[in-house]
Amino acid sequence: MSLALQRLAALPGVQGLRASSFYRSAPVDATGPDYVNAVAELDTTLAPGALLAELQALEQLAGRERAYRNAPRTLDLDLLLHGEQVRTDPLLTLPHPRLHLRAFVLLPLAELAPGLRLPGLGLLADWLPGVADQAIERMNKDVTA
């Protein structure tokens, strides 16, 4: 996970990065081992499509294979938000269409930006009670996996 954050920070067009703690959670709609999750905030000049392409290139570099929907993966980098943009097209949906339904997204995002307003969805804090029953564990930030 730390290597992924280093590679994110080194992307062309990225001037700064802040990352949440790491969180362990069970896969959603899939089987396999628990995942380690985090949220990173990037200061970038990249447009959403270009940033998504860079994220997918980092996944490939980490050996990501897309064998089937929700297959276990070595690295999964999702573009959750891009400023205030709201977008739905075949390439990308912003905000991410399920971010408000997943504790493994909302809790680390709330750690970075507790007062965040999600475009088209309202305050992030208003969505937290709806994921309170999802098992998630905050980990030591020095995880290297």
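Residues numbered from 1 in each chain as written. Predicted model: local features only at pLDDT ≥ 70, side-chain atom pairs only at ≥ 80, totals over all residues. Heavy atoms only, no water.

Quick word on the overall build of the protein chain
- When helices and strands are counted, the protein chain shows three helices and nine strands.
- Ordered by position from N to C terminus, the α and β elements of the protein chain give α-β-β-β-β-α-β-β-α-β-β-β.
- Within the protein chain, the fraction of its 145 residues that count as buried is 36%.
- For the protein chain, the proportion of contacts with a sequence separation of at least 24, taken over those separated by at least 6, is 58%.
- With the model as given, the accessible surface of the protein chain reaches about 8200 Å², and the carbon-plus-sulfur share is 54%. (Helix = DSSP H or I, 4+ residues; strand = E, 2+ residues; numbered from the N terminus. Buried < 20%, exposed > 50% of the residue type's maximum accessible area, 1.4 Å probe, protein only. Contact = heavy atoms within 4.5 Å. Areas by Shrake-Rupley, 256 points an atom, 1.4 Å probe, with all protein chains shown as cover.)

Considerations on the nonpolar core
- Formed by 18 residues in total, the largest nonpolar core has its most connected members in Leu8, Leu11, Leu51, Leu55, Leu77 and Leu79.
- Where this core is concerned, the elements lending two or more residues are helix H1 (2-9), strand E1 (14-19) and helix H2 (48-61).
- Of the residues forming this core, the biggest block, four residues, is contributed by H2.
- The residues contacting Leu77, other than those within four sequence positions of it, are Leu8, Leu55, Leu58 and Glu59.
- Counting residues in hydrophobic clusters, the runner-up holds twelve residues, among them Val39, Leu80, Ala103 and Leu106. (Core = buried A, V, L, I, M, F, W, Y, C linked by side-chain atoms within 4.5 Å.)

Thoughts on the side chain of Glu59
- Looking at the element boundaries, Glu59 is found in helix H2.
- At 2.7 Å, the side chain of Glu59 forms a polar contact with the backbone nitrogen of Leu77. (Polar contact = N/O pair within 3.5 Å; in protein donor to acceptor, adjacent residues only side chain to side chain.)

With respect to the pattern of salt bridges
- Using the criterion set out here, one finds three salt bridges in the structure.
- Residue Arg87 pairs with Asp89 through a salt bridge whose shortest N-O separation is 2.6 Å.
- The closest approach of N and O atoms between Glu111 and Arg138, which form a salt bridge, is 3.6 Å. Here the residue Glu111 occupies a position in helix H3 (residues 103-112), and Arg138 occupies one in strand E9 (residues 136-138), the gap between them amounting to 27 residues. (Salt bridge = Lys/Arg side-chain N within 4 Å of Asp/Glu carboxyl O.)

A short note on unusual backbone geometry
- For the peptide bond that leads from Leu94 to Pro95, omega is -10°, which places it in the cis range.
- Its place among the elements puts Pro95 in the loop between strand E6 (93-94) and H3.

Quick notes on H1
- Every buried residue of H1 is listed here: Ala4, Leu5 and Leu8. Relative to the axis of H1, the buried residues are bounded by an arc of 100° and lie together on one face. (Arc of directions from axis to C-beta.)

Remarks on the sheet that holds strand E3 (residues 35-37)
- Read from one edge of the open sheet, three strands run E3-E2-E9, paired in antiparallel fashion. Bordering the open sheet on either side are E3 and E9, each of which pairs with just one other strand. Going across the sheet, the axis of each strand differs from the next one's by a mean of 30°, ignoring polarity.
- Here strand E2 (residues 23-25) pairs with E9 via three bridges, running antiparallel. (Pairing = 2+ DSSP bridges. Axes fitted to C-alpha atoms, helices over the stretch in contact; angles between N-to-C directions.)

Comments concerning H3
- Most of H3 sits out of view: seven of its ten residues are buried.
- In this structure, the buried side of H3 is in contact with E1, E2, strand E4 (40-44), strand E7 (117-118) and E9.

Comments concerning the environment of Ala26
- Along the chain, the position of Ala26 falls in the loop between E2 and E3.
- A sequence separation of 109 residues divides Ala26 from Ala135, and the C-alpha atoms of the two residues are 7.2 Å apart.
- With residues up to four places along the chain from it excluded, the contact list for Ala26 reads Asp34 and Ala135.

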